[in-house]
Every structure is written in structure tokens, then in C-alpha cells.
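Residue-level structural notes
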Amino acid sequence: MQTGRSVVYARNGGAAASQPLAVSAAISILNQGGSFIDAAIALSSVICVVEPGASHLGGDAFLVTHHAASKTNLAFNGSGEGSHAATPENYKDGIPMYGYKSGTVPGLVSTWFEAHERYGKLPMATILAQAIDYADNGFPANTGFVRRIAGHLKLNPDTRIFKDMGIDVHVKVGDLVVQKELARSLREIAQGGRAAFYEGRIAQQLIKGSEGWFNQEDLKAHTTRVLDPLSVKYRDITVYGQPPPTQGMILMEELLLNERFDIASLSEADRIHVGAESKKIGFADRNAILGDPEFIAVNTEKILSQSHIDQRAGQISMTTAGKDVAPVSEGSDTTYFLVADSEGNAVSWIQSVFHGFGSSWIIPETGILLNNRLTGFSLDPQSPNIIAPGKRPAHTLNAFTAVHPDGSLYLVGGTPGANIQVQSNLQLLINVIDLKMNVQEATEAPRWQHLNKPGQSSEEEKGAGVLEIENRVPEEVFEQLRAKGHEVKALSAWGHGSSVQLMEVLANGTFAFGSDPRCEGHASGI
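Computed from a predicted model, the values in this text were never measured in an experiment.

Right, let's talk about the overall build of the protein for a bit. Of the regular secondary structure elements, the protein holds 18 helices and 21 strands. Taken over the C-alpha atoms alone, the protein extends approximately 60 × 55 × 45 Å along its principal axes. When each of the 526 residues of the protein is scored for burial, the buried share is 64%. By sequence separation, contacts in the protein at least 24 residues apart represent 72% of the contacts at least 6 residues apart. Roughly 18,100 Å² of accessible area belongs to the protein as shown, and the carbon and sulfur atoms make up 49% of that amount. The average position of the 43 basic charges and that of the 57 acidic charges among the side chains of the protein differ by 2 Å.

Right, let's talk about unusual backbone geometry for a bit. Omega for the bond connecting proline 244 with proline 245 falls within 30 degrees of zero, at 15 degrees, which places this linkage in the cis form. With respect to the helices and strands, the residue proline 245 is situated in the loop between strand S9 (237-241) and helix H12 (248-258). Look at lysine 71: it is not a glycine, yet its phi comes out positive at around 55 degrees. Here lysine 71 lies in the loop between strand S3 (60-67) and strand S4 (72-78). Despite not being glycine, phenylalanine 357 shows a phi value in the positive range, around 60 degrees. Tracing the backbone shows phenylalanine 357 in the loop between strand S11 (346-354) and strand S12 (362-363).

Right, let's get into the environment of valine 432. Looking at the element boundaries, valine 432 is found in helix H16 (residues 421-433). For the pair valine 432 and serine 499, spaced 67 residues apart in sequence, the C-alpha separation works out to 17 Å. Each residue touching valine 432, except ones within four places of it in the same chain, is listed here: Tyr410, Leu411, Met437, Ala442 and Leu502.

Attention now goes to the pairing of strand S15 (residues 409-414). The element S15 is extensively covered by neighbouring structure, given that 6 of its 6 residues are classed as buried. The pairing of strand S14 (residues 400-403) with S15 spans 4 bridges and is classified as antiparallel. In the strand pairing of S15, valine 403 is matched with leucine 409. Counting the residues in the hairpin turn of S14 and S15 gives 5 residues, including glycine 407, whose phi is positive at 90 degrees. Where S15 lies against strand S19 (residues 501-505), 4 bridges are found, and the strand directions are antiparallel.

Put simply, H12 and helix H13 (residues 268-289) touch, their axes get as near as 8 Å, and they point 140 degrees apart. Of the possible angle classes, the one that applies to H12 and H13 is oblique. As H12 runs across H13, the sense of the crossing is right-handed. Between H12 and H13, the residues in contact are Met249, Ile250, Glu253, Glu254, Leu257 and Asn258 and Val274, Gly275, Ser278, Lys279, Ile281, Gly282, Phe283, Asp285, Arg286 and Ile289, respectively.

Next up on the list: the state of the cysteines. Going through the model one piece at a time under the given rule, you end up with 0 disulfides. Note on cysteine 48: no disulfide assigned, nearest cysteine sulfur contributed by cysteine 519 at a separation of 17 Å. On the basis of relative accessibility, which here comes to 0%, the residue cysteine 48 falls in the buried class.

Another aspect to go through is helix H5 (residues 129-137). Three or more residues of H5 are buried, namely Ala131, Ile132, Tyr134, Ala135 and Asp136. Summarising the contacts, the buried residues of H5 are in contact with helix H1 (20-31), helix H2 (36-50), strand S5 (139-140), strand S6 (176-177) and helix H8 (180-192). Looking one or two residues past H5, glycine 138 carries a phi angle of roughly 100 degrees, positive in sign.

What follows covers the environment of arginine 148. Assignment of secondary structure puts arginine 148 in helix H6 (residues 143-155). Sequence spacing of arginine 148 and glycine 53 is 95 residues, and the spatial spacing of their C-alpha atoms is 6.6 Å.

Here we come to H1. Side chains three or four residues apart in an α-helix point the same way, a direct result of the helix having 3.6 residues per turn. The terminal C-alpha atoms of H1, which comprises 12 residues, lie 17 Å apart, in line with the 16 Å expected from a rise of 1.5 Å per residue. After H1 finishes, the residue glycine 33 shows a positive phi value of roughly 95 degrees.

Taken as a whole and judged by the stated rule, the model has 8 aromatic pairs. Their ring planes at 85 degrees and their centres at 5.5 Å tell us that phenylalanine 139 and phenylalanine 145 sit as a pair that is edge-to-face. Their ring planes at 25 degrees and their centres at 5.3 Å tell us that phenylalanine 337 and tryptophan 349 sit as a pair that is stacked. Placement of phenylalanine 337 in strand S10 (residues 333-341) and of tryptophan 349 in strand S11 is noted, with a sequence separation of 12 residues between them. Accessibility classification places phenylalanine 337 together with tryptophan 349 in one group, the buried group. Its end group placed over the ring of tyrosine 198, arginine 194 keeps NZ or CZ at 4.3 Å from the ring centre. Here the guanidinium or amino end of lysine 279 rests over the ring plane of phenylalanine 283, the centre of that ring lying 5.0 Å away.

Next up on the list: the sheet that holds strand S17 (residues 466-470). In space, the 3 strands of this open sheet follow the order S16-S17-S18, with mixed pairing throughout. Each end of this open sheet is capped by a strand with a single partner; those strands are strand S16 (448-451) and strand S18 (487-491). Geometrically, the sheet is characterised by an average inter-axis angle of 25 degrees between neighbouring strands, direction not taken into account. On the sheet, H13 packs against S16 and S17 and is oriented at approximately 35 degrees with respect to S16. Most of the contacts of helix H18 (residues 475-483) go to S18, to which it runs at about 160 degrees, and overall it touches S17 and S18.

How each quantity is defined
- Residues numbered from 1 in each chain as written.
- Predicted model: local features only at pLDDT ≥ 70, side-chain atom pairs only at ≥ 80, totals over all residues.
- Heavy atoms only, no water.
- Helix = DSSP H or I, 4+ residues; strand = E, 2+ residues; numbered from the N terminus.
- Buried < 20%, exposed > 50% of the residue type's maximum accessible area, 1.4 Å probe, protein only.
- Contact = heavy atoms within 4.5 Å.
- Areas by Shrake-Rupley, 256 points an atom, 1.4 Å probe, with all protein chains shown as cover.
- Lys, Arg positive; Asp, Glu negative; His and termini not counted.
- Charge placed at Lys NZ, Arg CZ, Asp CG, Glu CD.
- Pairing = 2+ DSSP bridges.
- Axes fitted to C-alpha atoms, helices over the stretch in contact; angles between N-to-C directions.
- Parallel < 35°, antiparallel > 145°, perpendicular 65-115°, else oblique.
- Left-handed = near helix turned anticlockwise from the far one by under 90°.
- Disulfide = S-S within 2.5 Å.
- Expected span 1.5 Å × (residues − 1).
- Phe/Tyr/Trp six-rings, centres within 6.5 Å; stacked < 30°, edge-to-face > 60°.
- Lys NZ or Arg CZ within 6 Å of the ring centre and 35° of its normal.

Rendered as C-alpha cells:
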């Protein structure tokens with residue numbers, strides 16, 4: 001197929017992300033001899049400065065890493081816990097969307113240092129230098145930056161967030177955006193390490209600013225969990241993803257269900273139908289069991305077992321769309337990126353403040369935006385995801401890597417998009433593995449999304465939703481899907497709610513990077 005962007009081929013590593021300035025920061029670190037994790041932290045920190053509506057130092061992160069020499073894959077869970085005050089009794093009127101009472105302990109900065117301890121080479125002062133410069137001396141606002149501010153003001157017109165960040169709400173494209181207090185916080189982290197955030201001035205400002213809703217014990221107790229990732233075999237490829245409390249299990253189940261079909265030989269309508277039906281099943285199973293595994297038993301082994309997949313695959317009718325799936329609600333604003341280095345190491349990295357601009361609350365005098373991840377909890381006493389102090393809410397965030405039978409790296413990819421993430425990642429893997437597309441073709445191919453309401457990736461997910469498909473797909477495909485009982489709606493040509501970054505390692509060791517034209521970023525290599 002004809003693509004609007006070219007594949008970026010490179011021998012010595014590269015990066016792909018939603019913001020060009022962040023990609024440049026990663027490439028600079030790689031050129032200075034930094035590792036894949038050094039470059040990823042540089043990219044992560046710049047993203048927080050130039051795309052604050054999607055992720056920030058007050059947010060969380062999830063990583064899947066591949067270490068080439070040892071052929072090992074790890075999952076870093078950088079999600080935060082509810083504070084000591086996060087009890088059902090304190091939320092009798094519901095969990096608010098905005099304000100510090102909607103937040104969990106931030107996990108991103110802890111994740112930087114946990115990953116750096118294992119795989120870092122350069123000092124943190126070098127890694128964070130570009131982010132500090134952009135915060136201190138400014139960067140030019142792009143269209144997405146301006147659009148996100150306007151969008152948030154429509155939702156929360158009384159917010160003080162932009163004043164507290166030092167950002168003019170009337171900023172125009174190309175205007176310099178300066179964030180002096182954020183620059184100060186980044187310098188403190190570069191010089192003082194992890195403790196600067198969780199024990200120093202920033203921590204004290206969070207405690208004081210939240211009127212004790214967060215306390216020193218909440219911050220000191222936080223850790224980044226490093227775990228074995230979930231994995232399944234799809235065809236002869238092993239795919240790795242995030243374990244609970246994220247919903248990476250949905251992607252794993254979707255793959256196992258799709259493997260029961262000869263996807264490459266199906267018509268486009270049947271291929272979309274099988275994908276949508278597997279998505280419904282994955283969410284139904286997710287709703288029944290997902291929570292913090294440190295608080296409840298989350299039996300992903302049963303969900304991914306052959307007997308369970310046998311049962312679920314038998315429920316997929318090729319002629320009729322399924323309807324009955326239990327509900328779940330999630331948030332939407334997230335950043336995904338990937339980085340690889342010359343040694344063949346790579347990271348699939350996703351970070352977020354949950355909804356757009358998170359809690360819409362800045363930790364006083366720090367320039368740091370707090371997440372509103374606490375809204376991901378349930379107040380239903382019967383839910384596995386019931387709110388509790390020290391507990392992590394169920395997450396949408398997930399990213400994947402995939403390896404060949406010999407354990408060597410094959411694919412790295414992911415996307416933001418809340419409940420769309422696992423649907424998009426399924427389509428990416430099918431496009432490359434079954435349909436033999438290159439990474440840019442797989443990224444640009446028309447995509448579908450099944451949601452409870454049109455365009456609402458944060459709404460409750462139920463079986464009887466709307467199947468939205470980019471209108472580059474032929475009309476006859478829409479009609480064939482309607483005949484199966486799907487409610488189908490056309491999206492604009494590039495209207496899918498995802499922004500993919502994808503990398504393949506070719507047989508000769510060359511990296512091939514693809515980046516989604518649905519976002520403002522790009523891919524770059526060395």
C-alpha cells in the first residue's frame with residue numbers, strides 16, 4: 001500500500017514518539033553514548049514539558065524492556081497507590097474528576113530511576129538537560145499544545161492549572177512557552193535523584209498543598225515494581241505485555257482468540273468482526289477479575305489457559321455480533337514512545353496523567369501536574385477494583401514487545417488511547433505478522449475501534465457498542481458488518497483515536513521505525 005510517510009531504517013538505534021522535540025532529545029542522548037533507557041528518560045522528560053496534557057512528572061508509567069545480550073524481557077510497573085486517605089468513606093459523594101483528591105502517588109520519576117539503575121549509562125544531569133532547557137528557556141508551542149489548552153478550558157473553565165504552570169492560555173502556535181518552576185523541579189531531580197521528588201521540597205509541597213491528603217509515609221512507601229511480563233505465543237512469535245493491574249491481559253486474550261482463525265485468508269469484514277468480538281470477550285474477562293494483585297488474586301493464567309480460550313473461541317459466531325459484556329470505565333490522555341540503541345536493546349514505554357491534564361491541579365511552586373488516576377477505582381464493594389489506601393487502580397496503560405522463537409527482538413509498539421490501546425495493538429500485530437505489512441504500512445492502515453459510545457474511549461465498555469471504522473475502508477465492508485448485527489459508524493479518513501509508534505528488527509539487524517500520521521510526532525534513527 002502507498003504510505004504518507006516513509007519507513008525510517010537505521011543500524012544504530014532510534015526513537016519514535018508523538019513529539020519531534022522529544023525524539024530529538026533521545027537521538028542526542030544516543031549519540032552521546034547513552035543507553036536505550038538513558039535516551040528514553042530524556043524523551044520522557046521532554047514530553048512532560050512539551051505535551052503536559054497527556055503526561056507529566058506527577059503521572060505514572062509502564063515499560064516493557066528487551067535486553068538483547070541476555071534476551072530477557074521485563075515489565076516495569078510505575079503506577080501509583082492511593083493515599084492513606086483513599087477510603088470509600090472519604091468518597092461517599094463519588095471520586096471527583098479534578099483536584100488533589102483525584103490523584104494517586106506519582107510513579108513516573110520513580111520509574112526513571114528504577115530503569116536507570118538497571119540499564120543507565122549517563123548521569124541523570126545529562127539525561128534531563130534538554131528537558132530543563134525547554135522548561136527554563138522555552139519551546140515553541142505547536143498546534144496540539146494550543147488545542148489541548150482550549151479543549152481543557154471548555155471542560156474545566158475555572159481551572160487555575162495554566163496560571164500555576166506559568167502558561168498563557170492565549171498562547172499561539174510558535175510562541176515560546178516557559179515553565180520556570182518546572183525547570184527548578186527538574187534541576188532538583190537531576191541533582192538530588194529520586195529522593196528529591198519523594199522526600200525533598202517537591203514531596204513537602206505535595207503534602208502541604210494537599211492539606212495532608214498525601215503524607216510522607218504515602219510517598220516513602222511508593223515503589224516501582226519490576227516483574228516478568230505477561231506473554232503468549234501468536235503463530236511462532238512470543239508477545240510480551242504488561243501484567244495486572246494494567247489491562248495488558250486483554251491484548252493477550254485477543255491474540256489467542258485470533259490465532260484460532262486463519263486471519264490472512266479472511267475477508268476484511270470478517271477480520272474486523274473477529275477482532276471486535278475478541279475485544280468484547282477480553283473486556284468481559286478483564287471486568288470480572290482485574291485489580292491490584294497485591295490486594296486480590298488476579299488469575300490471568302486461567303483467562304489465558306487453553307480450556308478458557310477454547311470456550312471463548314466457541315462463542316464467536318462468524319454471522320452474528322455478540323452483545324453481552326459487563327461495563328468498565330477508563331481515562332484517555334496518554335503518551336506512547338519507543339527507543340532502541342546500537343546494542344539491540346529496546347523499550348516500549350507508555351506514560352500518562354489519565355484524563356487530559358490529569359487532576360487539573362499543580363503541586364504548588366513546582367510546576368508539576370498531578371494525575372487523576374484515583375478516578376480509575378470503583379466504589380462498588382463487590383468490585384475487585386474497589387478503592388483502598390496503598391492500592392493501585394486498574395489501568396488501561398499497556399505496551400508490547402515481541403520476539404522470534406530464538407528470543408531475539410522482532411517488534412516494539414504501542415499507542416495511547418485508553419480502551420482503544422489493546423484494540424489498536426491487536427491490529428498492529430496482525431498487520432505485520434499475518435498480513436505481512438511493513439511497519440509504516442501497519443501504522444497507516446485503516447483502523448477500527450469498538451466503543452460504548454462513538455468517539456468516547458473513556459466511557460463504559462459494553463458489548464452492544466458502536467464499531468467505528470476509518471472511511472478509507474470500502475463501503476461494502478461496512479454493509480457486511482451491519483449484516484452481522486454490528487452498529488457501524490464511519491470515522492474520518494484518519495480519525496481513529498490512536499497514535500501508534502512501531503519498530504521492527506529486520507533479519508539483517510536493521511531497525512525499521514514507523515510513526516503515525518494521526519499525531520504530530522515522527523521517527524528518527526542513527
